[in-house]
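Chain residues, written in single-letter form:
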Amino acid sequence: LWSYKGFRLFWFSNTIFVIGAGAFPVALAVVVLDNNGNDPKSLGFVLGARVLAAILFSPIAGVWSDRFPRVQVMITADLFRAALAFSLVFLAQPGTPYWVLALVIFLMGMGDALGAPASQAILPSLLPPEKLKAGNVARSIVVRTAHIIGPGVGAGAILLFGARYTFIFTGVFFVLGTSLMFFIKEDFKPIAHEDKQTFMVDLREGVRTVWQIKWIFALIASTSFQLMFIVGVESVLLPVITRREFETNNVFALSASVFSLGAIIGALLSLRLKIKHQGQFCILVFALLSTTTLALAFPFSQSIVIGAYFVAGLSVGPWEAFWATQVQREVPPEYQGRVFAIDYMGSVGLMPLGMALAGPLVNVFGEPELLIGVAIFHVIICAVVLFVPGVKEMKSSRPPYSPQGAISS
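Residues numbered from 1 in each chain as written. Predicted model: local features only at pLDDT ≥ 70, side-chain atom pairs only at ≥ 80, totals over all residues. Heavy atoms only, no water.

*Asks:* Any chance you could explain the pattern of salt bridges here in plain terms?
*Replies:* Between side chains of opposite charge, pairing is possible as soon as their charged atoms come close. All told, the structure shown has eight salt bridges when counted by the stated rule. Close ionic contact of Arg-70 with Asp-66 constitutes a salt bridge, the shortest N to O distance being 2.6 Å. The pair formed by Arg-70 and Asp-66 is uniform in burial state, with each residue classed as buried. Here Asp-112 makes a salt bridge to Arg-81, at a shortest N to O gap of 2.9 Å. Residue Asp-112 is located in helix H4 (residues 98–121), and its partner Arg-81 is located in helix H3 (residues 70–91); the two are separated by 31 residues in the primary sequence. Each of the two residues, Asp-112 as well as Arg-81, counts as buried. One salt-bridge network, held together by shared partners, links Arg-50, Asp-78, Arg-81 and Asp-112. (Salt bridge = Lys/Arg side-chain N within 4 Å of Asp/Glu carboxyl O. Buried < 20%, exposed > 50% of the residue type's maximum accessible area, 1.4 Å probe, protein only. Helix = DSSP H or I, 4+ residues; strand = E, 2+ residues; numbered from the N terminus.)

Shown next, in the form of structure tokens:
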């Protein structure tokens, strides 16, 4: 992999950028909870604003990722997010209404949506086909490793300087990482003028591509509901419960770190194993993500919570080894930006609802009951989606889909 200069620069750029990205949510959670009396509703509202923006903006970002050089799209997204991080140093003052923070975080979500599909669709232009699986795993590992370091950087900066000034660190890392992207020479083939279509036609073709490849549609749809309940609920209740039970910010920062460590180990093990039914393996292991909410339902000790997040990290490792590579192989390159955008939108599509409802649902059902219920729901969905054709192998039974041919027919 390191013999390919473009990928090498991309890898180091991601490393630096995601260290800042890993520190950002820790500082944000502390600022919001400190300003609003440890209220989960305010934190859910702010976190949900970021995901909501990603959902609304992803389809547009996907079309741009297929129309413009993906390096340029990523640079624009990264510098935009850096500017927003620096702005929070001044806006995240004590007493600032949480809706002001939510507005800034909504804009941050727009930047996330713009950068995410381009960062996955760019790999086939930086690497030959036989290197894609290794490249996707290497990208996954660097993102996860940075997420291990990032929360530690965030927790340390909060301890030394306070949560508000930690946003300076995140902005600096964003700028440094983005600077390497200027040196990447991407093998991007722009659409010829006579082949260009209207924006809405491009958008419909992306949606049609996902719909026609049933295993892609089924996995995006199922994970959307699963992440709504699991991640939507645990991302709000993890800092609330651990701060209350253990009287420290370190547990939820460390939990995020060990989750990423588990994901790295899971991805590496999956890459080494000879898996016949890749989709089936991913889904069965993914059921272990429910350990997060079960541990929060019974927070007997810090070790139980942290250990559960490590196991949950293992559960997503196989996805990072197989999912992106199979999409890159099944979907024509000129449609990958839109497909990955829909993947990004669908995978987090209902999370804002889960985040926003976490506080009210706790009041209705109680913390343990809600956390146990979402764990059971997650496992049931894992079992049901295996019956969709193509899901077990992450592969269609017919040749790669051609959206233009389908439209003309």
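The structure having been displayed, the exposition proceeds.
*Asks:* Explain the packing of aromatic side chains to me, please; I cannot follow it from the model alone.
*Replies:* How two aromatic rings sit relative to each other is set out by the distance from centre to centre and by the angle between their planes. Tallying each qualifying case throughout the model produces 14 aromatic pairs. A ring pair is formed by Trp-2 and Phe-12, whose centres lie 6.3 Å apart and whose planes are at 35°; its orientation type is tilted. With Trp-2 in the segment before helix H1 (5–35) and Phe-12 in helix H1, this residue pair connects regions lying 10 residues apart in the sequence. One aromatic cluster in this structure is built from Trp-2, Phe-7, Phe-10, Trp-11 and Phe-12. One residue, Lys-214, lies across the ring of Trp-211, its end atom 3.5 Å from the ring centre. (Phe/Tyr/Trp six-rings, centres within 6.5 Å; stacked < 30°, edge-to-face > 60°. Lys NZ or Arg CZ within 6 Å of the ring centre and 35° of its normal.)

*Asks:* Can you walk me through helix H15 (residues 351–365) in this structure?
*Replies:* Each α-helix winds once per 3.6 residues, and so residues spaced three or four apart point in a common direction. The sharpest bend along H15 reaches about 45° and sits at Ala-358, with the proline Pro-360 one to four residues further on. Listed in full, the buried residues belonging to H15 are Met-351, Pro-352, Gly-354, Met-355, Ala-358, Gly-359 and Val-362. Note on H15: the residue one or two positions beyond its end, Gly-366, has a positive phi of about 95°. (Bend = angle between axes of the 7 residues up to and from the residue.)

*Asks:* Help me understand empty space enclosed by the protein, please; the structure alone is not making it clear to me.
*Replies:* Over the atoms, a rolled probe matching the size of one water molecule traces out where space is still vacant. One pass over the full model with this rule turns up three cavities of 30 Å³ or more. Of the voids in this model, the second largest cavity is the one considered here, and its volume is about 40 Å³. In this structure, the second largest cavity is lined by Met-228, Phe-229, Val-233, Gly-354, Leu-357, Leu-361, Leu-370 and Val-374. Mapped by element, the contributors of at least two residues to the lining of the second largest cavity are helix H9 (214–246), H15 and helix H16 (367–385). Among the residues forming the lining of the second largest cavity, the class breakdown is seven nonpolar, one polar and no charged. (1 Å grid on protein atoms, 1.4 Å probe; cavity = no way out; pocket = protein on both sides within 12 Å on 5 of 7 lines; lining within 4 Å. Points joined across faces, edges and corners; volume = space filled by probe spheres on them. Nonpolar A, V, L, I, M, F, W, Y, C, P; charged D, E, K, R; others polar.)

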